[in-house]
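The primary structure of each chain is shown beneath.
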Amino acid sequence: MRQEQEPASDEVIEVAPGILRLQLPIEFTGLGHVNTYALEDADGFALVDPGLPGKASWDNLRSRMDAAGIPLARVHTVLITHSHPDHFGGAGLLAEESGARVVASHRFRTWWDPDESWDDTELEGADGGGEARTHVPGGTTTAASMAHAVVGHTHDAEGRKLPPSPFGRPTPWGGRTEDLPPERKKELAENFEEAMRWFRVPHPSLRLADLDPLRLAGRDWFGLYTPGHTADHLCLWDPSTGTMLSGDHVLPTITPHISGMIEGDPLARYVESLDRIASFDGVRLVLPAHGQPFTALAERVDEIKEHHEGRLARLREISEETGWCSVQDLSHRLFAERSWGSMAESETYAHLEHLRLRGEADRREAPGGVLEYLVP
Ligand SMILES: [Zn+2]
Ligand SMILES: [Zn+2]
């Protein structure tokens, strides 16, 4: 078992001066826990990545906070490294309950944030009818409405337009994200409504651009905009003690997933973000969002880069066997069957686009808008 997959410890430990680590259990893409770091200063605490949405995770967070001696009222900042549910899912409720500000990167955006296809003004004044309200940008809606949205309804019971479901969405490579069988949708809708009662969409009141300063734990940190794992990933760097909060950008033993949904060349941007943090002088401690603290950042960055070089080489071999081939089919050869799905396709697409943009692969569009690649 990799250290990122180990079950959450209920022990609170001080990983660096003024920095406590609380571990919350998660069952999410094969990981066993998320590290929630608590940074203490004279005004109270900043909590980083406070876990998944839902009652179970909230209860775990609150009991860990009690064990660590962190009263709700002393939390002044909730920091989110990136827009994955194990990082932002608990942040909105924690901020609401504590009155804390929410800090994230300038690019932070979740599925709940509106896009052009969702007219959020229609949600203004939505009547909760005594139900739990979920705040969305520009208005509020109910847990029931959001449960309808997630299973693909376009309008709620009152006829208001809902955001598009994350399931069955078109992808840039001409496929669709996983859809769910009807019975699973029904089950999800029921559980989701309950889960939504423990979820608030986090709205950053402070968005950090690259190198923006932030005072936490009594010292000056700098936001590092590090796209690749997501388009909005933020690391935090304290040069005075050589401490880096690395989020999911660099993990100790698991290679972070690369998102194909980032504009340009996602793999190149990821590697650029890796090289940049590896070039910093005086890195003494890296605190990842999953797994144990580590010190040898440059070595770990080299390993991750080697992994991707190996995957590119493997794609060349596979393409030689298959000839012109869709992203989905290539992903099925590149990944073990247990990993098949949108995430595997997204990363395969990122690798193929990287080769194409370097002039090492050709792309064509098959009928139905499905992209096919050939790596000659
Ligand atoms: Zn992540
Ligand atoms: Zn994560």
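Residues numbered from 1 in each chain as written. Chains lettered and ligands numbered in written order. Predicted model: local features only at pLDDT ≥ 70, side-chain atom pairs only at ≥ 80, totals over all residues.

(A) Spotlight on the overall build of the chain. Across its full length, the chain carries nine helices and 17 strands. Put simply, the chain has 376 residues, and 43% of those count as buried. Counting contacts in the chain only where the partners sit at least 6 residues apart, residues at least 24 apart contribute 61% of the total. (Helix = DSSP H or I, 4+ residues; strand = E, 2+ residues; numbered from the N terminus. Buried ≥ 20, exposed ≤ 12 C-beta atoms within 10 Å, placed from the backbone. Contact = placed C-beta atoms within 7 Å.)

(B) Structural detail: helix 8 (residues 327–334). The complete set of buried residues in helix 8 reads Val327, Gln328, Leu330, Ser331 and Leu334. An end-on view of helix 8 places all buried positions within 160° of arc, on one side of the element. Buried residues along helix 8 sit in contact with helix 7 (297–322), strand 15 (325–326), helix 9 (342–357) and strand 17 (370–374). (Arc of directions from axis to C-beta.)

(C) Expanded view of the sheet that holds strand 16 (residues 362–366). Taking strand neighbours across the sheet as the criterion, the three strands line up as 15-17-16 in an open arrangement whose pairing is antiparallel. Each edge of the open sheet carries a strand with a single partner, namely strand 15 and strand 16. With two bridges connecting them, strand 15 and strand 17 associate as antiparallel partners. Within strand 17, the position partnered with Cys325 by the bridge is Tyr373. (Pairing = 2+ DSSP bridges.)

(D) Here's a closer look at the nonpolar core. In terms of nonpolar packing, the biggest core is built from 75 residues, with Ala38, Leu39, Leu47, Val78, Ile80 and Leu94 touching the most fellow members. Every residue in contact with Ile80, bar those within four places of it in the chain, is listed here: Asp49, His87, Phe88, Ala91, Val102, Ala104, Phe108 and Pro202. (Core = buried A, V, L, I, M, F, W, Y, C linked by C-beta atoms within 7 Å.)

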